[in-house]
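Here are the chains, one letter per residue:
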Amino acid sequence: MTETLLSADQLSLKRAHKQVLDNISLRIDSGRIITLIGPNGCGKSTLIKVLLGLEQADRGRIHRSPGLRVGYMPQKLSLDQRLPLTVDGLLKLAKGADNQAITNWLQRLSIEHLRHQSVHGLSGGEWQRVLLARALLIRPQLLVLDEPVQGVDVQGQMELYQLIPTLRDELGCAVLMVSHDLHLVMAATDEVICLNGHVCCSGHPDQVSIDPAYLQLFGSQPAIAHYTHHHDHHHCLDGHIATGTETNGEHSHD
Amino acid sequence: MTDGLMAPLFNHWWLIPLLTGTLLAAITGPLGSFVVWRRMAFFGDTLAHGALLGITLGVIADINLTLALTISCVGLALLLLPLQNRSRISSDTLLGIVSHSTLATGLVALSLADGIRVDLMGYLFGDLLAVELSDLLLVVTAVLAIAALMSWQWHGLLASTVSPELAAIDGHPVKALNILLIVMLALVVALAMKVVGILLVSALLIIPAATARSLSQTPAQMVLLAALAGMLSVMGGLWASFQWDTPAGPSVVVTAAGLFVISLLNPKRVQQ
């Protein structure tokens, strides 16, 4: 049985004369995986913060189901090197953290060996898993994942995106995640919301990936295509970015 | 002997300075750890510099100077609170402007206040040997109160230091905890000024914490070791001050710096 965990109705937010969020409505039902996608500065992170209650929108309403347990995995933590903290110490600060739960999730994410290490020595991929474990500790009904930790390789990101549907099934939770690349999350997501201040388009990932609004937004962005073209097409780089969809299998079928 | 063993101790003129300084250092270390973790070092400095203006105003208004000092520190801290949320670079510049202009204004105003003699050197570099029993009682009260508040709110303070956003989502009152920390900091800065003076007060916050860092694996360890390092610095500094007739405040800071250097030599020191 699905229930609506969180819904937003016509959210708008202006910051320094820029319309960061423009009339955004969305609904998160239990068991659904929703991906927010959009270019840098399109308001993804701001929208997440507003939905989490960390920032106030100028207009619009947010409704959460009462007592909603939210697990949030931020992009990264900016910890001062002089704060001595082990993974265990970090996790124990989370709400709902007890020894048993920490052991379980560390095992589940295969990072049990990191438990008593300092957080300052963690690699990007290890940080990602530790922050995910932290978000899972309260057994969330809604799991919110901001863009994966910077410095994680594509392989690590793929593994995470494969893990998400499994976790959703285990916990029966909804997932709201932010991603910069639709193709990495295609298989793992039920619904995509393409954001550029306003909602450009939304729906099933297959539909969104051929939506003219999506192509217009991302066709002009130097995404992964940029790098694959880089080696042999220096002289006509601009042209390839402009039509840079041929390197992605999904697109060539359109 | 009817007075008991303790009686002769109170006849020693150095006992009150020693107790006052040691107690204060027991709390500047732990608070200084938060200052270091939250990258607020400059903030403590600004509070201390601004406090001279408070002293001047206290002199002119003819009220108790410790009270004037405390009020101005806490007031300035609350005024500067919004700065914490701004971007780093601009707030550093602004803090620098506030810090030095309040210090200078305080000095100018003090020189203009006719017929008033204030021990300026005492405020700039501390006059630990001049503290009295009433100062000691004030410090005891403040230190106990701050220690109690810190241990009561330890979990929330630490969680919001690690990540204000995650702490807010977990339901910690992040803004109230920020205010609590800053008010405690202002109180300690005001009190510590007696010990090391305006120009050296942030040393007593930061150096013991930095010393403790290289020996600690957990935040709690660092806070306790910082308290210990601060207390040792006061004791060592006072001893050196008696021994070689050097000024007490700077001697305490030099001792603290010496302990810091020694902590770096520890072969098993925790990787930073």
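Residues numbered from 1 in each chain as written. Chains lettered and ligands numbered in written order. Predicted model: local features only at pLDDT ≥ 70, side-chain atom pairs only at ≥ 80, totals over all residues.

Moving on to the overall build of chain B. When you go through chain B residue by residue, the secondary structure sums to 13 helices and zero strands. Secondary structure of chain B in N-to-C order comes out as α-α-α-α-α-α-α-α-α-α-α-α-α. A fraction of 75% describes how many contacts in chain B between residues 6 or more apart in sequence connect residues 24 or more apart. (Helix = DSSP H or I, 4+ residues; strand = E, 2+ residues; numbered from the N terminus. Contact = placed C-beta atoms within 7 Å.)

Now for the overall build of chain A. Counting its regular elements, chain A contains 11 helices and nine strands. Taken across its 254 residues, chain A has 37% of its residues classed as buried. When contacts within chain A are restricted to residue pairs at least 6 apart in sequence, long-range pairs at least 24 apart make up 68% of them. (Buried ≥ 20, exposed ≤ 12 C-beta atoms within 10 Å, placed from the backbone.)

Across chain A, the average pLDDT comes to 79, with 84% of residues at or above 70. Every residue in residues 220-254 of chain A is under pLDDT 50, and counting partners more than four places away or in other chains gives 25 contacts. (pLDDT = per-residue confidence, 0-100.)

Residues and elements named next belong to chain A. The side-chain alternation of strand E6 (residues 142-145) yields two buried faces, one formed by Leu142 and Val144 and the other by Leu143 and Leu145. Sheet topology places strand E5 (residues 70-73) next to E6; four bridges connect them, and they run parallel. Its bridge partner being in E6, Val70 is matched across the sheet by Leu142. Two elements, E6 and strand E7 (residues 174-179), share four bridges in a ladder whose sense is parallel. The partner of Leu145 across the bridge, within E7, is Met177. (Pairing = 2+ DSSP bridges.)

By size, the foremost hydrophobic cluster in this structure holds 147 residues, and its most contacted members are Ala51(B), Leu185(B), Val189(B) and Met193(B). Considering every element that reaches this core, the biggest residue donor is helix H10 (residues 174-196) of chain B, with 15 residues. Split by domain, this core shows at least three residues from each of two domains, domain 1 (1-69 + 143-198) and domain 2 (76-139) of chain A. Sequence-distant contacts of Leu185(B), defined by excluding residues within four places in its chain, comprise Leu31(B), Val35(B), Gly44(B), Leu47(B) and Ala77(B). (Core = buried A, V, L, I, M, F, W, Y, C linked by C-beta atoms within 7 Å. Domains from an automatic or database assignment.)

Along its 13 residues, helix H11 (residues 201-213) of chain B runs 19 Å from first to last C-alpha, staying within 8% of the 18 Å computed at 1.5 Å per residue. Of all the 13 residues making up H11(B), 13 are buried; the element is thus mostly covered by neighbouring parts of the structure. (Expected span 1.5 Å × (residues − 1).)

With that settled, the discussion passes to the interface of chain A and chain B. Contacts between the two partners involve 19 residues from chain A and, on the opposite side, 22 residues from chain B. Taken together, the elements giving at least two residues each to the side of chain A that touches chain B come down to E5 and helix H2 (87-92) of chain A. Looking at the side of chain A that touches chain B residue by residue, the class counts come to 13 nonpolar, three polar and three charged. (Nonpolar A, V, L, I, M, F, W, Y, C, P; charged D, E, K, R; others polar.)

Residue and element names in this part refer to chain B. Taking 1.5 Å per residue, 21 residues should reach 30 Å; helix H3 (residues 41-61) reaches 31 Å between its end C-alpha atoms and fits that length. In terms of residue burial, H3 counts as a mostly covered element, since 15 of its 21 residues are buried. Trailing H3 by a residue or two, Asp62 shows a phi angle of about 60 degrees, which is positive.

The domains assigned to chain A are domain 1 (1-69 + 143-198) and domain 2 (76-139). The centre of domain 1 of chain A, based on its C-alpha atoms, is set 23 Å off from the matching centre of domain 2 of chain A.

Residues and elements named next belong to chain A. Strand order in this open sheet of three strands is E2-E1-E4, and the pairing throughout is antiparallel. Because the sheet does not close on itself, it has two edges, and the strands there are strand E2 (18-29) and strand E4 (59-64). Ignoring which end each strand starts from, the neighbouring axes of this sheet average 10 degrees apart. The pairing of strand E1 (residues 4-15) with E2 spans eight bridges and is antiparallel. Along E2, the bridge assignment pairs Ser7 with Arg27. (Axes fitted to C-alpha atoms, helices over the stretch in contact; angles between N-to-C directions.)

Okay, the confidence of the model for chain B next. Across chain B, pLDDT averages 85, with 89% of residues at or above 70. Predicted complex metrics record ipTM = 0.81 and pTM = 0.83.

Residues and elements named next belong to chain B. Tracing the sequence through the fold places Leu187 in helix H10. Here Leu187 falls in the buried class, since 20 other C-beta atoms lie within 10 Å of it. Taking the C-alpha atoms as reference, Leu187 lies 9.9 Å from Val139; in sequence the two are 48 residues apart. Apart from residues no more than four positions distant in its own chain, Leu187 is found in contact with Thr70, Val74, Ala142 and Ile146.

Moving on, we get to the packing of helix H12 (residues 219-244) of chain B against helix H13 (residues 248-265) of chain B. Residue and element names in this part refer to chain B. Orientation of H12 relative to H13, taken along the N-to-C sense of each, is 130 degrees, at an axis distance of 7 Å. For the element pair H12 / H13, the angle class is oblique. For H12 against H13, the interelement crossing comes out right-handed. Mapping the contact onto sequence places Ala229, Leu232, Ser233, Val234, Gly236, Gly237, Leu238, Ala240 and Ser241 in H12 and Ala248, Ser251, Val252, Val254, Thr255, Ala256 and Leu259 in H13. The residue inventory of the contact of H12 with H13, partitioned by class, reads 10 nonpolar, six polar and no charged. (Parallel < 35°, antiparallel > 145°, perpendicular 65-115°, else oblique. Left-handed = near helix turned anticlockwise from the far one by under 90°.)

This part takes up the packing of H3(B) against helix H4 (residues 65-80) of chain B. A pair of packed helices can be characterised by two numbers: the angle between their axes and the separation between those axes. Residue and element names in this part refer to chain B. Contact pair H3 / H4: the axes reach a minimum separation of 8 Å and the direction vectors enclose 135 degrees. By the angle between their directions, the pair H3 and H4 is classed as oblique. Of the two elements, H3 crosses H4, and the hand of that crossing is right-handed. Each of Phe43, Thr46, Leu47, Gly50, Ala51, Leu53, Gly54, Ile55, Leu57 and Gly58 in H3 lies in contact with H4, whose residues at this interface are Leu65, Ala68, Leu69, Ile71, Ser72, Cys73, Leu76, Ala77 and Leu80. When its residues are assigned to classes, the contact of H3 with H4 shows 14 nonpolar, five polar and no charged.

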